[in-house]
Every structure is written in structure tokens, then in C-alpha cells.
Amino acid sequence: MASLSTTSLSFKASSIKSTRISQVLRKPSSFQSISFGRFQSSKSLRLQISCAAKPETVQKVSDIVKEQLALSADTALTAESKFSALGADSLDTVEIVMALEEKFNISVEEADAQNITTIQEAADLIEDLVQKKPAA
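How each quantity is defined
Residues numbered from 1 in each chain as written. Predicted model: local features only at pLDDT ≥ 70, side-chain atom pairs only at ≥ 80, totals over all residues. Heavy atoms only, no water. UniProt positions renumbered as here; feature names shortened; annotations may be inferred. Helix = DSSP H or I, 4+ residues; strand = E, 2+ residues; numbered from the N terminus. Buried < 20%, exposed > 50% of the residue type's maximum accessible area, 1.4 Å probe, protein only. Contact = heavy atoms within 4.5 Å. Expected span 1.5 Å × (residues − 1). Core = buried A, V, L, I, M, F, W, Y, C linked by side-chain atoms within 4.5 Å. Axes fitted to C-alpha atoms, helices over the stretch in contact; angles between N-to-C directions. Parallel < 35°, antiparallel > 145°, perpendicular 65-115°, else oblique. Left-handed = near helix turned anticlockwise from the far one by under 90°. Nonpolar A, V, L, I, M, F, W, Y, C, P; charged D, E, K, R; others polar.

For the protein chain, the name recorded in an unreviewed UniProt entry is Acyl carrier protein, with Brassica carinata as its organism. Checking UniProt for the protein chain, the heading Function (unreviewed entry) contains the comment "Carrier of the growing fatty acid chain in fatty acid biosynthesis." Per UniProt, the protein chain carries the Sequence similarities (unreviewed entry) text "Belongs to the acyl carrier protein (ACP) family."

The subject of this paragraph is the overall build of the protein chain. What the protein chain contains, in helices and strands, is five helices and three strands. Taken from N to C terminus, the helices and strands of the protein chain fall in the order β-α-β-β-α-α-α-α. Counting only residues that meet the buried cut, the protein chain has 32% of its 136 residues in that class. Within the protein chain, residue pairs in contact and separated by at least 24 positions form 56% of the contacts whose partners lie at least 6 positions apart.

The next thing to look at is helix 3 (residues 90-104). With 15 residues, helix 3 should cover 21 Å at 1.5 Å per step; its first-to-last C-alpha distance of 21 Å lies within 8% of that length. Where helix 3 is buried, its residues meet helix 2 (55-68), helix 4 (110-114) and helix 5 (119-132).

Glancing now at unusual backbone geometry. At alanine 70, a position not held by glycine, the phi torsion is positive, near 55 degrees. By the element assignment, alanine 70 lies in the loop between helix 2 and helix 3. Positive phi values are uncommon outside glycine, yet asparagine 105 reaches one of about 55 degrees. Relative to the elements of secondary structure, asparagine 105 occurs in the loop between helix 3 and helix 4.

The biggest cluster of nonpolar side chains holds 25 residues, and the ones touching the most others in it are Val61, Val65, Phe83, Leu100, Val108 and Ile119. Residue assignment for this core shows that the elements contributing at least two residues are helix 2, helix 3 and helix 5. A total of six residues in this core trace back to one element, the largest contributor, which is helix 5. Setting aside chain neighbours within four positions, we find isoleucine 119 in contact with Val58, Val61, Ser62, Val65, Leu77, Thr78, Ala79, Ser81 and Phe83.

Another point: the packing of helix 2 against helix 5. At their nearest, the axes of helix 2 and helix 5 sit 9 Å apart, and the two run at 120 degrees to each other. Taken together, helix 2 and helix 5 sit at an angle that is classed as oblique. Helix 5 is crossed by helix 2, and the crossing has right-handed handedness. Contacts between helix 2 and helix 5 involve Thr57, Val58, Val61, Ser62 and Val65 on the former and, on the latter, Ile119, Gln120, Ala122, Ala123, Ile126 and Glu127. When grouped by side-chain class, the residues that make up the contact of helix 2 with helix 5 number seven nonpolar, three polar and one charged.

On to the environment of threonine 78. Counting through the fold element by element, threonine 78 comes out in the loop between helix 2 and helix 3. C-alpha of threonine 78 to C-alpha of glutamine 59: the two residues are 19 residues apart in sequence and 9.0 Å apart in space.

Between its first and last C-alpha, helix 2 extends 20 Å over 14 residues, near the 20 Å set by a 1.5 Å rise per residue. For helix 2, the complete set of buried residues consists of Thr57, Val58, Val61, Ser62, Ile64, Val65 and Lys66. Tucked into the core, helix 2 has its buried residues touching helix 3 and helix 5. Alanine 70 occupies a position one or two residues after helix 2 and carries a positive phi of about 55 degrees.

In C-alpha cells, the structure reads:
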């Protein structure tokens with residue numbers, strides 16, 4: 001399994017010697033941008049790399065968050081919606097995690113639960129736990 005410590009790479013025109021993306025990705029370090037000397041545009045481009053959960057998982061998490069926080073059905077949530085920005089306190093977050101455990105028949109470790117701050121993080125963790133769960 002591969003992992004990347006950042007969620008985006010920036011490609012900018014630069015006078016720095018060309019670098020192959022494969023050379024950079026082999027390094028286990030964090031980085032903010034990669035420059036390519038041959039890139040012929042003055043505009044910054046953004047490439048997002050993620051191992052995002054399935055849209056249906058994100059939707060189920062969104063529905064649970066709306067229910068737990070008593071948000072109206074027309075409240076727009078995105079994968080990047082932060083629980084705290086939606087008005088959740090630490091007790092609300094615990095209740096969200098408990099509802100997710102029940103809905104997906106999983107068990108979330110306390111350390112993992114404390115690191116969930118967005119709908120996307122919750123959905124990604126759920127899919128990881130479901131995938132690791134032994135077949136019944």
C-alpha cells in the first residue's frame with residue numbers, strides 16, 4: 001500500500017532542472033510543490049491525489065452527520081465539511097462515530113476516532129475498516 005503525506009501537488013513553471021514525478025514520489029518525505037523546467041505555462045495547475053472513499057459511503061456518512069447534528073435536510077454538506085464547522089462539539093463527534101460504527105458494523109479505535117474531523121476522513125476510515133474486516 002502506498003501513501004502520500006500531502007493531498008496536492010503544484011506544478012509551476014520554473015528554471016529548476018526537470019524532475020520526473022516518479023523520482024519525487026519514491027521519496028518518503030513531505031512536499032508542497034514540484035517544479036518542472038520544461039513546463040510552458042505561467043499558470044499554476046493543481047493535481048489532487050487522494051484515495052477517496054466511494055461516493056455512496058460519503059453520502060451515508062453525510063446523512064448520519066445531518067441526523068446526529070439535527071441539520072436540516074437541505075443543508076449542503078461536502079466531503080470536506082468539518083464537523084466543528086457544522087457545530088459539533090466533542091460529544092457530538094463521539095455520537096457520530098458511534099452511529100457510524102452501528103451503521104457499518106465496524107469498531108473504531110479511540111485514537112482513530114479522535115483524528116476524524118471531516119466527512120471524507122470518516123468515509124475513508126470506514127472503507128479501510130470494512131476492507132480489513134474478516135468475512136463472516
